[in-house]
Amino acid sequence: MLKIVIGGQLNKQTIEKQIKELGGNDIDVVIKSDLDAVMAVKGKQADYYVGACETGSGGALAMAYALLGQDNCVSLASPSSVMSKEQIEEEVNKGKIAFGFTAPSSKKMLDILIPALLNK
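Because the structure is predicted, anything quoted here is derived from the model rather than measured.

Undergrad: Can you tell me about the side chain of E91, naming the residues and giving the values?
TA: Among the secondary structure elements, E91 is positioned in helix α4 (residues 85–93). For E91, a relative accessible area of 11% puts it in the buried group.

Written out as structure tokens, the structure reads:
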């Protein structure tokens, strides 16, 4: 079972609902503060971190960048750029563990990201 923590600044309950719908019984998902969410991943109590904000990286990933390192994080969508399905799958396969995106893109990003994580 995958364990995903939700941090970031926006739409946490909506993101949680969508992850549960996409992952069913194969995913355990919990909403936390940014610090607690990142510490759960760092301490191996969770497998992945996701978060949303206005830019897709600032409020979504700032704590993850600081504590997990830039090499473990990726912004999937910003106001000016949205990764393709292939690019997202490539980032998952590279071993990224923290994913940020803009609030308006969250549905599209999660529709691609969650199956990619489950199939890894």
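Undergrad: Run through the sheet that holds strand β3 (residues 48–53), naming residues and quoting values.
TA: Taken together, five strands build an open sheet; the order of strands is β2-β1-β3-β7-β4 and the sheet is parallel. One side of each edge strand has no neighbouring strand; the edge strands of this open sheet are β2 (27–31) and β4 (73–75). Across the sheet, the axes of successive neighbouring strands diverge by a mean angle of 20 degrees, strand direction being ignored. Sheet analysis places strand β1 (residues 2–8) next to β3, joined by five bridges and oriented parallel. The partner of I4 across the bridge, within β3, is Y48. Across the face of the sheet, helix α1 (residues 12–23) comes into contact with β1, β2, β3 and β7 (98–102) while running at roughly 175 degrees to β2. Where helix α5 (residues 106–118) meets the sheet, its contacts fall on β1, β2, β3 and β7, and the angle it forms with β7 comes to roughly 160 degrees.

Undergrad: Which residues make up the pairing of β1, and what are the values?
TA: When you tally the buried positions in β1, you get six out of seven residues, the bulk of the element. Bridging between β1 and β2 involves five bridges; their strand directions are parallel. Bridged to I4 within β2 is V29. Tracing the backbone out of β1, into α1 and back to the parallel element β2 gives a crossover that is right-handed.

Cut-off values and rules
- Residues numbered from 1 in each chain as written.
- Predicted model: local features only at pLDDT ≥ 70, side-chain atom pairs only at ≥ 80, totals over all residues.
- Heavy atoms only, no water.
- Helix = DSSP H or I, 4+ residues; strand = E, 2+ residues; numbered from the N terminus.
- Buried < 20%, exposed > 50% of the residue type's maximum accessible area, 1.4 Å probe, protein only.
- Pairing = 2+ DSSP bridges.
- Axes fitted to C-alpha atoms, helices over the stretch in contact; angles between N-to-C directions.
- Contact = heavy atoms within 4.5 Å.
- Right-handed = clockwise from strand over helix to strand, strands pointing away.

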